[in-house]
Amino acid sequence: MTLKSLMLGTALTMLGVTAASAETWNIAVTDVQGLERLQAEWGPFKAALDAATGHTFEFFPVSSRSAAAEALRGETVDFVVTGPAEYIIINKLTNAVPLIGFGRPDYRCAIVVRADAGIDSMDDLKGKKVAFGDIGSTSNMLCPMQLMADYGVDPVTEIDKVHTAINIAHEALKAGDVAAIGVNEGSWINGARNKDTTVPLGFFKVLARSGDLPNDMLLVGAHVPAEIQALVRDSIIEKKDEIVEAIITHENNQKYVGMDLVTIEDASYNRVRAMYTTAGYPQFDTFLGE
């Protein structure tokens, strides 16, 4: 056998090994229902993930957060894009762990009041009605409740809490129907507040705001081999610019503009576990609002 033939045979063998090692993995997104929406909103991300890792990722539509957890537990889904609050429950139910954090800029919550209401401290909200966003939301419920507790007000026993959409809460605050709203500060500022031309921006004031919240994430099922977890993690970090660009292509993912992709660990989410406990849900075994 000539040296040239030997080298060609070796190259073909290596190519065969590489092709054989490429696998297909299922990926879900907890807040997007239906395959058509998944393909439209997250298709570019999937394509970038395929290119970065050399593996194939197939969408696995889920109808709820509970369905995502069940699919992880049954090993029919391998990776999931989800938020901090969802992760806490999924981790408890399935032992899935965070792989990559979606480091969103200015991701924090706030307690907002009317500037003319005479409310200058958190104590002034005791006994009053406060509106929060969706039940179970990290930035529109759990974080604002924790913020109130940090300032000495128990959000379970010392206020009259209601849950509604941010736009409705904004209008209720403006009308004086609620004394305060607990919101994702950036979403409220760029949405309901800045789009409201009926009152000046200074009509509202932030009573308190949190620090930056733990990241949304790509998590991985406990059944996925460690070497695959490492390959996906390292490939995403190496190709982060292309992957971020792919994620923000769709208008529904604009909240991720300016983000960084970072490695993360479970301990970073202990703050969210504390928020659940503060809100009166210390078991971490049920998706709130389902």
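Cut-offs applied
Residues numbered from 1 in each chain as written. Predicted model: local features only at pLDDT ≥ 70, side-chain atom pairs only at ≥ 80, totals over all residues. Heavy atoms only, no water. Helix = DSSP H or I, 4+ residues; strand = E, 2+ residues; numbered from the N terminus. Buried < 20%, exposed > 50% of the residue type's maximum accessible area, 1.4 Å probe, protein only. Contact = heavy atoms within 4.5 Å. Areas by Shrake-Rupley, 256 points an atom, 1.4 Å probe, with all protein chains shown as cover. Arc of directions from axis to C-beta. Polar contact = N/O pair within 3.5 Å; in protein donor to acceptor, adjacent residues only side chain to side chain. pLDDT = per-residue confidence, 0-100. Pairing = 2+ DSSP bridges. Axes fitted to C-alpha atoms, helices over the stretch in contact; angles between N-to-C directions. Core = buried A, V, L, I, M, F, W, Y, C linked by side-chain atoms within 4.5 Å. Salt bridge = Lys/Arg side-chain N within 4 Å of Asp/Glu carboxyl O.

A count of helices and strands for the chain gives 10 helices and 11 strands. By its C-alpha atoms, the chain is 90 × 40 × 30 Å across when sized along the principal axes. Scored against the burial criterion, the 290 residues of the chain give a buried share of 48%. Intrachain contacts of the chain at a sequence separation of at least 6 include 79% that bridge at least 24 residues. Only carbon and sulfur atoms are counted for the fraction: they give 52% of the accessible area of the chain, which is about 13,500 Å².

Quick look at helix α3 (residues 65-73) now. Among all positions of α3, only R65, A68, A69, A71 and L72 are buried. The buried residues of α3 occupy one face: seen down the axis, they fall within an arc of 160°. Buried residues in α3 make contact with β3 (79-82), α4 (84-94) and β10 (216-220). Measuring from the side-chain oxygen of the N-cap residue of α3 to the backbone nitrogen of S66 gives 3.4 Å; that N-cap residue is S64.

Moving on: the confidence of the model for the chain. Of the residues in the chain, 93% have a pLDDT of 70 or more, and the chain-wide mean is 92. Low pLDDT, under 50, characterises residues 1-20; the stretch is placed with 1 contact to residues that sit more than four places away or in other chains.

All right, on to the sheet that holds β3 then. Taken in spatial order, the 6 strands make up an open sheet running β2-β1-β3-β10-β4-β11, and their pairing is mixed. The strands lining the two open edges of the sheet, one partner per strand, are β2 (56-59) and β11 (260-263). The average angle at which neighbouring strand axes cross in this sheet is 25°, direction not considered. Looking at chain direction, strand β1 (residues 24-29) and β3 are connected through 3 bridges and run parallel. Across the sheet, the residue bridging to V29 is V81, located in β3. The sheet strands contacting helix α2 (residues 35-53) are β1, β2, β3 and β4 (97-103), and the helix crosses β2 at an angle near 170°. Against the sheet, helix α8 (residues 226-238) makes contact with β1, β2, β3, β4, β10 and β11, and its axis sits at roughly 10° relative to β4, the strand it touches most.

With that settled, the discussion passes to the nonpolar core. Counting 47 residues, the largest nonpolar core has I111, M122, L125, L142, M148, L219 and Y276 as the members making the most contacts within it. Listing elements by their share of this core, those giving two or more residues are α3, α4, β5 (109-114), β6 (129-132), α5 (138-150), β9 (204-209), β10 and α10 (270-278). Sort the elements by how many residues they give to this core and α5 lands first, with 6 residues. If near-sequence neighbours (up to four positions away) are discounted, Y276 is found in contact with A85, E86, I88, I89, L142, Y281, P282, F284 and L288.

Before going further, it helps to examine the pattern of salt bridges. Counting across every chain of the model gives 19 salt bridges. With its nearest N and O atoms 2.8 Å apart, the salt bridge here joins R108 to E185. Taken together, the residues span a long stretch of sequence, with R108 in the loop between β4 and β5 and E185 in helix α7 (residues 185-195) at a distance of 77 residues. Of the residues examined, R108 reaches a relative accessible area of 22% and is grouped as partly exposed. Owing to a relative accessible area of 4%, E185 belongs among the buried residues under this scheme. Across the pair E171 and K174 runs a salt bridge, and its minimum N-O distance is 3.2 Å.

Next up on the list: the environment of V220. Here V220 lies in strand β10. Take V220: its relative accessible area is 0%, and that puts it in the buried class. C-alpha of V220 to C-alpha of A22: the two residues are 198 residues apart in sequence and 18 Å apart in space. Once residues lying within four places of it in the same chain are set aside, the contact partners of V220 are D78, F79, A96, V97, L99 and Q229.

What follows covers unusual backbone geometry. With a phi angle near 55°, D106 is a residue other than glycine that sits in the positive phi range. Along the polypeptide, D106 turns up in the loop between β4 and β5. One non-glycine residue, F284, lies in positive phi territory at about 60°. Relative to the elements of secondary structure, F284 occurs in the segment after α10. Here F284 falls in the buried class, since its relative accessible area comes to 18%.

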